[in-house]
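Here is what each chain is made of, one letter per residue.
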Amino acid sequence: MASALTDKLSRLVKDLRGQGRITESNVTDMLREVRMALLEADVALPVVRDFIARVKEKALGQEVLGSLQPGQVLVSIVNRELSATMGEGVSDINLAAQPPAVILMAGLQGAGKTTTTAKLAKHLIEKRKKKVLTVSGDVYRPAAIEQLKTVTAQAGAEWFPSTPDQNPVDIGRAALDYAKKHFFDVLLVDTAGRLAIDEALMLEIKNLHAALNPVETLFVVDAMQGQDAVNTAKAFKEALPLTGIILTKTDGDSRGGAALSVRQITGAPIKFAGTSEKLDGLEVFDAERHAGRILG
Ligand code: GDP
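Residues numbered from 1 in each chain as written. Predicted model: local features only at pLDDT ≥ 70, side-chain atom pairs only at ≥ 80, totals over all residues. Heavy atoms only, no water.

Q: What's the story with the overall build of the protein chain in this structure? I'm lost.
A: Along its length, the protein chain carries 12 helices and eight strands. The principal-axis extents of the C-alpha atoms in the protein chain amount to approximately 75 × 35 × 30 Å. Looking at the 296 residues of the protein chain, the share that counts as buried comes to 53%. Long-range contacts, defined here as pairs at least 24 residues apart, represent 77% of the contacts in the protein chain between residues at least 6 apart. Only carbon and sulfur atoms are counted for the fraction: they give 51% of the accessible area of the protein chain, which is about 13500 Å². Each charge sign in the protein chain was given a centre, from 36 positive and 36 negative side chains, and these centres are 3 Å apart. (Helix = DSSP H or I, 4+ residues; strand = E, 2+ residues; numbered from the N terminus. Buried < 20%, exposed > 50% of the residue type's maximum accessible area, 1.4 Å probe, protein only. Contact = heavy atoms within 4.5 Å. Areas by Shrake-Rupley, 256 points an atom, 1.4 Å probe, with all protein chains shown as cover. Lys, Arg positive; Asp, Glu negative; His and termini not counted. Charge placed at Lys NZ, Arg CZ, Asp CG, Glu CD.)

Q: Is there a simple way to explain the site of the ligand in this structure?
A: Around the ligand lies a shell of 17 residues, among which Gly110, Lys113, Thr114, Thr115 and Asp251 are the nearest. Take Gly274: an N or O atom from its main chain is 3.4 Å from an oxygen atom of the ligand. The element best represented in the shell around the ligand is helix 6 (residues 113-126), accounting for four residues. Classifying every residue of the shell around the ligand gives two nonpolar, nine polar and six charged. (Near = heavy atom within 4 Å. Polar contact = N/O pair within 3.5 Å; in protein donor to acceptor, adjacent residues only side chain to side chain. Nonpolar A, V, L, I, M, F, W, Y, C, P; charged D, E, K, R; others polar.)

Q: Quick question: what am I supposed to make of the packing of helix 3 (residues 45-59) against helix 11 (residues 257-266) here?
A: Describing two packed helices takes the angle between their axes plus the distance from one axis to the other. Between helix 3 and helix 11, whose axes approach to 10 Å, the crossing angle comes to 85°. By the angle between their axes, helix 3 is roughly perpendicular relative to helix 11. Contacts between helix 3 and helix 11 pair Val47, Asp50, Phe51 and Arg54 from the former with Leu260, Ser261, Gln264 and Ile265 from the latter. Here the contact of helix 3 with helix 11 is composed, by residue class, of four nonpolar, two polar and two charged. (Axes fitted to C-alpha atoms, helices over the stretch in contact; angles between N-to-C directions. Parallel < 35°, antiparallel > 145°, perpendicular 65-115°, else oblique.)

Any functional reading would require information that these geometric values do not contain.
Below is the structure:
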């Protein structure tokens, strides 16, 4: 099945027939269409520029210029480059640490951190046969602590209690201590999010990171944020050594651009995609399928 972009490029190429060879300026016209497709998918502008520059370099090799079907060849270069950019280095959760392996969940409020923490617990229990403990460091919202308790039970993991009068670092240390004593394989640490980036939040999560030395620091980001996800991603990347991304709410996002933006800005692999509100709505991120979604 041809994508909308393939159709557009084929039409462009048809218009060129009769002029003889495809030229560098024709490739530039085609790249303009690619650029439009990426912007329509809500990929952030600086990311689009960077991406187009890389594709152009590849396209100006003989591959496109010498081809009888330059439109199709260009689309396949774009597809390959999209998959490579979004998929490189993809792997399951890294648990290569002296147990308990600590996983720190970072992201804005509403991104889906708490839900994703429970989804990951379920994944690690069912697919990796691990004994999993969760804890919430969200001392600002007692409801968030209760929410984690509820979803942790649904996931079949154990929940470590915390209260709003505690300091997140003390909570993290106490949970780690408990996890060690009771032979847990994994400690999942849910953290406080804010509606927007602020310095206090970043300092707090940095301190938590320093105290717990997590093997995975996962940035949880809402796919529906589109190009706005770029600023959030930048702020979290500056504060923390991110080891992976979890892209949530992909079920409600028809455009798909956030994946490319966030991957390129953070350099961290997208490990999973959230596909529903339910706890089994977590899939290993499929870069190729996602590339198809971006190209429409
Ligand atoms: P937090 O503030 O980052 O902890 O976010 P929550 O885990 O409370 O999630 C916020 C809302 O997003 C809740 O209503 C979740 O059910 C919903 N949510 C989380 N992940 C997904 C997902 O992958 N798909 C859909 N459709 N909803 C999600």
